[in-house]
Amino acid sequence: MDELHIGKSDGRDARDGRIGATLGRIRYKLFVMSGKGGVGKSSVAVNVAQALAQAGSRVGLLDVDLHGPSVAGMLGIRGALEAGRDAPLAPKLVGENLLVVSMQSLLDDPDQAVLWRGPMRTTAIRQFLADVDWGELDYLVIDSPPGNGDEHLTVLKTVRDALCLLVTTPQEVSLADVRKTINFLQYANANILGVVENMSGLVCPHCHKEIELFKKGGGEALARAYGLDFLGAVPLDPATVAAGDMGRPVVSLEVETPARNAFLALAAAVAAACASSLEAAASPCP
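Residues numbered from 1 in each chain as written. Predicted model: local features only at pLDDT ≥ 70, side-chain atom pairs only at ≥ 80, totals over all residues. Heavy atoms only, no water.

Their axes nearest at 9 Å, the elements helix 2 (residues 41–54) and helix 9 (residues 258–275) cross at an angle of 75°. On the basis of their axis angle, the class for helix 2 and helix 9 is roughly perpendicular. Contact residues: Ser-43, Val-44, Asn-47, Val-48, Ala-51, Leu-52 and Gln-54 in helix 2; Phe-263, Leu-264, Leu-266, Ala-267 and Ala-271 in helix 9. (Axes fitted to C-alpha atoms, helices over the stretch in contact; angles between N-to-C directions. Helix = DSSP H or I, 4+ residues; strand = E, 2+ residues; numbered from the N terminus. Parallel < 35°, antiparallel > 145°, perpendicular 65-115°, else oblique. Contact = heavy atoms within 4.5 Å.)

So, in structure tokens, the structure goes:
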């Protein structure tokens, strides 16, 4: 797949100006990260974004996992985004308040591999910010790939006031990678909003007792060790899998489930942490 051409093919200065104009109309920018793959980062990003939108906020969700995008599938988004050279790209609208852009919606074949080196990934992310009609948003949630690579550096360099939400599971194999990510963010002078522990225990759907399937508490201990806010824990829940296969976030289900309740509480904690963040308070508001 060639480089995207979703907007004007003008110079870097002009694109920088459009990025600045876009970001100036967004109050809070949340960057969901984890050094470890398979921790449910996209699930956290999608459900937090949906929960914030359900609460009445205007929310954008940008999937910068260019090689393994999953946000569109988790939201049941079908069809391609229309990309014109002389007009901004229009995000997909989910419900009334959630706007979504994902590489998945730009592929002719959903199974097509994106074979891009670093510079092309950087250009695509900048285009998603410069050449997309996001409008005025309360939140822009940015879902990232695993690791600490080109995509992460591009977002942190471009979105200077991004608030990083770190996702981990309780096991040491995940915590070790997240510690590396914290070190990376400290080196990059980035703002860390807090830590989320995903896959935190399992509530048995039959007896309703809690099972510490992958242990519990590792994320909270990590946050405490680094002086970070612990924003919540989300348990394993069969409803999350079923909802994802239906193309619906678990927070949008009508029935209460352990994961749904936990994600709603997490979104409320994220909103409160954003509102009290000194970094966000110093940034321009729409």
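Once you've had a look at it, read on.
Right, let's talk about the packing of helix 6 (residues 172–187) against helix 7 (residues 218–226) for a bit. Two numbers describe how helix 6 lies on helix 7: the axes approach to 11 Å, and their chain directions differ by 30°. Judged on the interaxial angle alone, helix 7 and helix 6 are roughly parallel. Crossing of helix 6 against helix 7: the hand is right-handed. Contacts between helix 6 and helix 7 involve Leu-175, Val-178, Arg-179, Ile-182 and Gln-186 from the former and Gly-218, Gly-219, Leu-222 and Tyr-226 from the latter. Looking at side-chain class alone, the contact of helix 6 with helix 7 contains five nonpolar, three polar and one charged residues. (Left-handed = near helix turned anticlockwise from the far one by under 90°. Nonpolar A, V, L, I, M, F, W, Y, C, P; charged D, E, K, R; others polar.)

What follows concerns the nonpolar core. Judged by nonpolar contacts, the single largest core of 43 residues is most densely connected at Leu-30, Leu-61 and Leu-266. In this structure, Leu-66, Trp-134, Ile-182 and Leu-185 belong to the second largest nonpolar core, which totals 38 residues. (Core = buried A, V, L, I, M, F, W, Y, C linked by side-chain atoms within 4.5 Å. Buried < 20%, exposed > 50% of the residue type's maximum accessible area, 1.4 Å probe, protein only.)

On to the pairing of strand 1 (residues 26–33), then. In the case of a regular strand, side chains alternate between the two sheet surfaces. Counting buried positions along strand 1 yields seven of eight residues, so the element is predominantly enclosed. Inspection of the sheet shows strand 1 paired to strand 5 (residues 137–143) by six bridges, in the parallel sense. Bridge pairing in strand 5 links Phe-31 to Ile-142. By the bridge criterion, four bridges tie strand 1 to strand 6 (residues 163–168) in an arrangement that is parallel. Each bridged residue has a counterpart across the sheet, and for Leu-30 the counterpart in strand 6 is Leu-163. (Pairing = 2+ DSSP bridges.)

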